[in-house]
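# A structural walkthrough
One letter stands for each residue in the lines below.
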Amino acid sequence: MKSSVLVHGDLLYAATPQKLSLHPDSWMHLKAGKVEGIYAEKPEVDACEIRDYGKQMILPVFADIHIHSVQYGQRGLGMNLELLPWLSNYTFKEEARFEDLEYGKKVFPLLLNELWSLGSLNLCTFSSMHLESSLMLMDMYEEAGFRAYVGKVNMDCCDEPRLKEECDISYADTREWLERSKQYKNVKPIITPRFAPSCTAPLLKHLGQLVQEHDLPVQTHLNENKGEISWVQELFPESKSYYDVYRSYNLNPKGKTVLAHCIHNSEAEWEAMLEDEVFVAHCPASNVNLSSGIMPLREMLDAGFNIGLGSDIGAGDRLFMGTAAVDAIRASKLYSLQSEGKVEPVNYIEAFYLATAGGGSFFGNCGSFAPGSTADYLVVDDKCWPASDRIGLEERLQQFLYLGGAEQISERCMRGEVIEKPFPDIC
Ligand code: GUN
Ligand code: FE
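Below is a summary of the structure that appears in this document. (Residues numbered from 1 in each chain as written. Chains lettered and ligands numbered in written order. Predicted model: local features only at pLDDT ≥ 70, side-chain atom pairs only at ≥ 80, totals over all residues. Heavy atoms only, no water.)

Neighbouring residues of ligand 1: H68, Q71, L83, W86, L87, R194, F195, H221, E224, H261, D312 and A315. Between ligand 1 and E224, the relevant distance is 2.7 Å, taken from a nitrogen atom to a side-chain nitrogen or oxygen of the residue. Contacts to ligand 1 include D312, whose side-chain N or O atom sits 2.9 Å from a nitrogen atom. A total of 280 Å² of accessible area belongs to ligand 1 in isolation, and the protein chains cover 100% of it. A total of three residues in the shell around ligand 1 trace back to one element, the largest contributor, which is helix α1 (residues 83-96). (Near = heavy atom within 4 Å. Polar contact = N/O pair within 3.5 Å; in protein donor to acceptor, adjacent residues only side chain to side chain. Areas by Shrake-Rupley, 256 points an atom, 1.4 Å probe, with all protein chains shown as cover. Helix = DSSP H or I, 4+ residues; strand = E, 2+ residues; numbered from the N terminus.)

In structure tokens form, the structure reads like this:
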């Protein structure tokens, strides 16, 4: 591959939550896997590859910053339950299957093919507590060209005996997993205590020490469900709040912690989370499916939180991040109605920002075409929709978010290189 590439098409990205940067019929210069700039006229560049996508839209790839790769098989099941019974009746039973590598060999290729087809190529994902299965998942993401943080889950408290680790084994497996993860280039380990109720204090302490020793990121769940929050108070009576449990064990590395849900936060937690520059993974579909609540997205954006979107498969049901963006808009409209109009809903530009640069910034300069960003893009062919040849680029984006999916995405590129479907079709 030549190191310079010129990409032509109808380019757009969200430069800020308020502003789309629109470049119809323009040229983007990629050099050594990074964006150099976007130009209205074809620039003079020596020895470059030309990729002319005509009138197709070119957007940054999506970031899904909260997805359980091991819950792909259970999507849509148990959606009549709330969090804690859903975990016991469906999720823990499903995750226990990954003890057997053959099960992962069957499920992961289906998941990776779907993520690839939908353009979710920046991922922050939970695996299960199983060491070998987690490494197999990392091999597959690396091989397929994704950029991913993958977490071997830690849990030494669980009502499903097959998922309950001994504290010392959990710690030893995590160290071995960190050592063996060094082989990857675009896939990195992330420390993953499942949530406070699934870990004893000694395990949390070990994990916090690993975070500090190896300068590692962290992902976990926070303030998802009111029953869960009361349970944390019972289990950790010495902690001031749910977030304080993670904080007190150093599981809050600054700017490197992803917290899923964050629906029912106290004021003190809010302040501590802002101070720690956490990334909030907003999972609107999951929050409705498990009747968890509506995250105060508008207020959290206004307060300056780093926010991205999560499909939260399998409590969420759809992998397409356009759908997650639309779900975020819908949830915020209901929140606005409940507030009798005092709180504004979010709009499609904000939601698109969250699905691309908002979550993407957890991985570095990702999810944008600003100069210096990593050259990751999707090509969208929307000529199947009757209005596409008469509406503007910002309206074509709206239709793609609301109506789109794999059928419209004609090409995917990471670090300047086109990436192909990871596995042959199985079914
Ligand atoms: N809290 C602890 N584990 C989980 C999980 O797997 N999914 C969700 N949505 N919340 C959790
Ligand atoms: Fe989750």
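That shown, we press on.
Turning our eyes to something else, we now look at the coordination of the iron ion (ligand 2). Put simply, a metal with four donors set out as a tetrahedron has ideal angles of 109.5 degrees, and one with six donors set out as an octahedron has ideal angles of 90 or 180 degrees. Taken together, the protein ligands of the iron ion (ligand 2) are H66 (NE2), H68 (NE2), H221 (NE2) and D312 (OD), with distances of 2.0 to 2.4 Å. The sequence pattern formed by the donor residues of the iron ion (ligand 2) is H-x1-H-x152-H-x90-D. Taken together, the residues H68 in strand β5 (residues 62-68) and D312 in the loop between β14 (306-309) and α11 (321-338) connect sequence positions 244 residues apart. Of the residues examined, D312 reaches a relative accessible area of 2% and is grouped as buried. (Donors = N, O, S within 2.8 Å, 3.2 Å for Na, K, Ca; no water. Buried < 20%, exposed > 50% of the residue type's maximum accessible area, 1.4 Å probe, protein only.)

This paragraph deals with the sheet that holds strand β3 (residues 34-39). Reading across the sheet, the seven strands line up as β3-β2-β1-β4-β15-β16-β17 and stay open at both edges, with mixed pairing between neighbours. A single partner strand is all that each edge strand has here, and the edge strands are β3 and β17 (417-418). Sheet topology note: the strand β1 (residues 4-14)/strand β2 (residues 20-31) ladder contains 10 bridges and is antiparallel. Residue pairing for β2: H8 is matched across the bridge by W27. Contacting β1, β2 and β4 (48-60), helix α12 (residues 348-360) crosses the sheet at an angle of about 140 degrees to β1. (Pairing = 2+ DSSP bridges. Contact = heavy atoms within 4.5 Å. Axes fitted to C-alpha atoms, helices over the stretch in contact; angles between N-to-C directions.)

On to the packing of helix α2 (residues 101-118) against helix α3 (residues 131-144), then. Between α2 and α3, the least distance of the axes is 10 Å, while the angle of their chain directions is 30 degrees. Our classification of the angle between α2 and α3 gives roughly parallel. When you trace α2 past α3, the crossing you get is right-handed. On α3, the residues touching L101, G104, K105, F108, P109, L111, L112 and L115 of α2 are E132, S133, M136, L137, M140, Y141 and A144. (Parallel < 35°, antiparallel > 145°, perpendicular 65-115°, else oblique. Left-handed = near helix turned anticlockwise from the far one by under 90°.)

Counting buried positions along β1 yields 11 of 11 residues, so the element is predominantly enclosed. Between β1 and the antiparallel strand that follows it, β2, lie five residues.

So, about the packing of aromatic side chains. The geometry of an aromatic ring pair is captured by two quantities: the separation of the ring centres and the angle between the planes. Tallied over the full model, the rule gives 15 aromatic pairs. Seen in terms of ring centroids, F98 and F108 are 5.3 Å apart; in terms of plane orientation they differ by 20 degrees. Their pairing is stacked. Linking F98 in the loop between α1 and α2 with F108 in helix α2, this pair joins segments that are 10 residues apart in sequence. Note on F98: relative accessible area 1%, which makes it buried. (Phe/Tyr/Trp six-rings, centres within 6.5 Å; stacked < 30°, edge-to-face > 60°.)

Once that is clear, we can look at α2. For an α-helix the count is 3.6 residues per turn, leaving residues at separations of three or four pointing the same way. Across its 18 residues, α2 extends 26 Å between first and last C-alpha, which sits within 8% of the 26 Å expected from 1.5 Å per residue. Where α2 is concerned, the buried positions are Y103, G104, V107, F108, P109, L111, L112, N113, L115, W116, S117 and L118. Along its buried surface, α2 packs onto β5, α1, β6 (120-126), α3 and β16 (409-414). Where α2 starts, the residue carrying a side-chain oxygen 3.0 Å from the main-chain nitrogen of E102 turns out to be D100. Once α2 ends, the next one or two residues include G119, with phi positive near 75 degrees. (Expected span 1.5 Å × (residues − 1).)

With that settled, the discussion passes to the pattern of salt bridges. Inspection of the entire model under this criterion finds 21 salt bridges. A salt bridge links D302 to R298, with the nearest nitrogen and oxygen atoms 3.8 Å apart. Here the residue D302 and the residue R298 both occupy positions in helix α10 (residues 297-303), the gap between them amounting to four residues, near one helical turn. Take R298: its relative accessible area is 13%, and that puts it in the buried class. With a closest N to O distance of 2.8 Å, R396 and D382 form a salt bridge. Of the two residues, R396 sits in helix α13 (residues 393-403) while D382 sits in the loop between β15 (377-380) and α13, which places them 14 residues apart along the sequence. For the pair R396 and D382, a shared accessibility class is recorded, and that class is buried. (Salt bridge = Lys/Arg side-chain N within 4 Å of Asp/Glu carboxyl O.)

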